[in-house]
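Structural characterization, general
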Amino acid sequence: MKKTLLALMLAASAGAFAANHEVKMLDTGKDGGMVFEPGYVKAQPGDTVTFKAVNSGHWVQSKALPDGAADFLSEDGKDFTLKLDKEGVYVYVCPPHRMMNMSGVIQVGKPVNKAKAQAVADELEKRAMQNKGRLKKYMEQVK
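Let us look at the structure shown here. Quantities reported herein were computed from a predicted structural model and do not represent experimental measurements.

The rules behind these values
- Residues numbered from 1 in each chain as written.
- Predicted model: local features only at pLDDT ≥ 70, side-chain atom pairs only at ≥ 80, totals over all residues.
- Heavy atoms only, no water.
- Buried < 20%, exposed > 50% of the residue type's maximum accessible area, 1.4 Å probe, protein only.
- Helix = DSSP H or I, 4+ residues; strand = E, 2+ residues; numbered from the N terminus.
- Pairing = 2+ DSSP bridges.
- Contact = heavy atoms within 4.5 Å.
- Phe/Tyr/Trp six-rings, centres within 6.5 Å; stacked < 30°, edge-to-face > 60°.
- Polar contact = N/O pair within 3.5 Å; in protein donor to acceptor, adjacent residues only side chain to side chain.
- Expected span 1.5 Å × (residues − 1).
- Axes fitted to C-alpha atoms, helices over the stretch in contact; angles between N-to-C directions.
- Core = buried A, V, L, I, M, F, W, Y, C linked by side-chain atoms within 4.5 Å.

Of the two faces of strand β6 (residues 80-83), only the one carrying F80 and L82 is buried; T81 and K83 on the other face are not. Bridging between strand β4 (residues 48-52) and β6 involves four bridges; their strand directions are antiparallel. Across the sheet, residue F51 finds its bridge partner in β6, namely F80.

With that settled, consider the environment of G33. With respect to the secondary-structure elements, G33 resides in strand β2 (residues 32-37). For G33, a relative accessible area of 27% gives the class partly exposed. It is 8.1 Å that separates the C-alpha atoms of G33 and N131, two residues lying 98 residues apart in sequence. If sequence neighbours within four positions are ignored, G33 has contacts with D27, T28, N131 and R134.

Throughout the structure, instances matching the rule amount to five aromatic pairs. When the centroid spacing of 6.0 Å and the interplanar angle of 25 degrees are considered together, the rings of F72 and F80 count as stacked. This pair shows no difference in class: F72 is buried, exactly as F80 is. Taken together, the ring pairs in this structure connect F36, F51, F72, F80 and Y92 into an aromatic cluster.

Let's shift gears to the side chain of N101. Mapped onto the fold, N101 is located in the loop between β7 (88-93) and β8 (103-108). For N101, a relative accessible area of 1% gives the class buried. Engagement of the side chain of N101 in a polar contact is seen with the backbone oxygen of N131, the distance being 3.0 Å. In this structure N101 touches E125, A128, Q130, N131, K132, G133, R134 and L135, once residues within four positions along its chain are discounted.

Right, let's get into helix α2 (residues 114-127). Note: α-helices contain 3.6 residues per turn, so residues at a spacing of three or four share the same orientation. The first and last C-alpha atoms of α2 sit 20 Å apart over 14 residues, in line with the 20 Å expected at 1.5 Å per residue. Looking at the buried residues of α2, the elements they touch are β5 (61-64), β7 and α3 (134-139).

To continue, consider the sheet that holds β6. Overall, mixed pairing links the four strands, which are arranged β2-β1-β4-β6 in an open sheet. Two strands lie at the open edges of the sheet, namely β2 and β6, each paired on one side alone. The mean inter-strand angle of the sheet, taken between neighbouring strand axes irrespective of direction, is 15 degrees. Two elements, strand β1 (residues 20-29) and β4, share five bridges in a ladder whose sense is parallel. Bridged to N20 within β4 is T48.

What follows covers the nonpolar core. Counting residues in hydrophobic clusters, the biggest one holds 22 residues, and the most contacted among them are F36, F51, F72, L84, Y90, Y92 and I106. Setting aside chain neighbours within four positions, we find F51 in contact with V23, M25, F36, V60, K78, D79, F80, L82, Y92 and I106. Listed in part, the 15 residues of the second largest apolar core include Y40, A64, V93 and Y138.

If you want it as structure tokens, here you go:
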């Protein structure tokens, strides 16, 4: 009984220490036009990321995920909160601005799927018409 109660208390307190990271979806930011800011986020399992629709016409879609993580796609011009429950690298884009390299990276804990995420990032970089090197710079921060 005491062990069960202790386990429940530990599980409940783990959520109390989770962080919420905010990523703004912007027409113009520090890294140029059509950008997620920040473009790289380092998080821990259990954290959340809230994508803030600061400017209209943006949304977020997953492109690379750790095994077991669910694909995500938000709505146009609406804030979106993502629970980060799987360790690894998440690569995402703004679909209407993908060619402008409006993309970002979230690292949750250890980068267990880094090679797979890097392959996706390389392909997105190759297809970008503007802001070349942006996603590469974000992926270089994954350690």
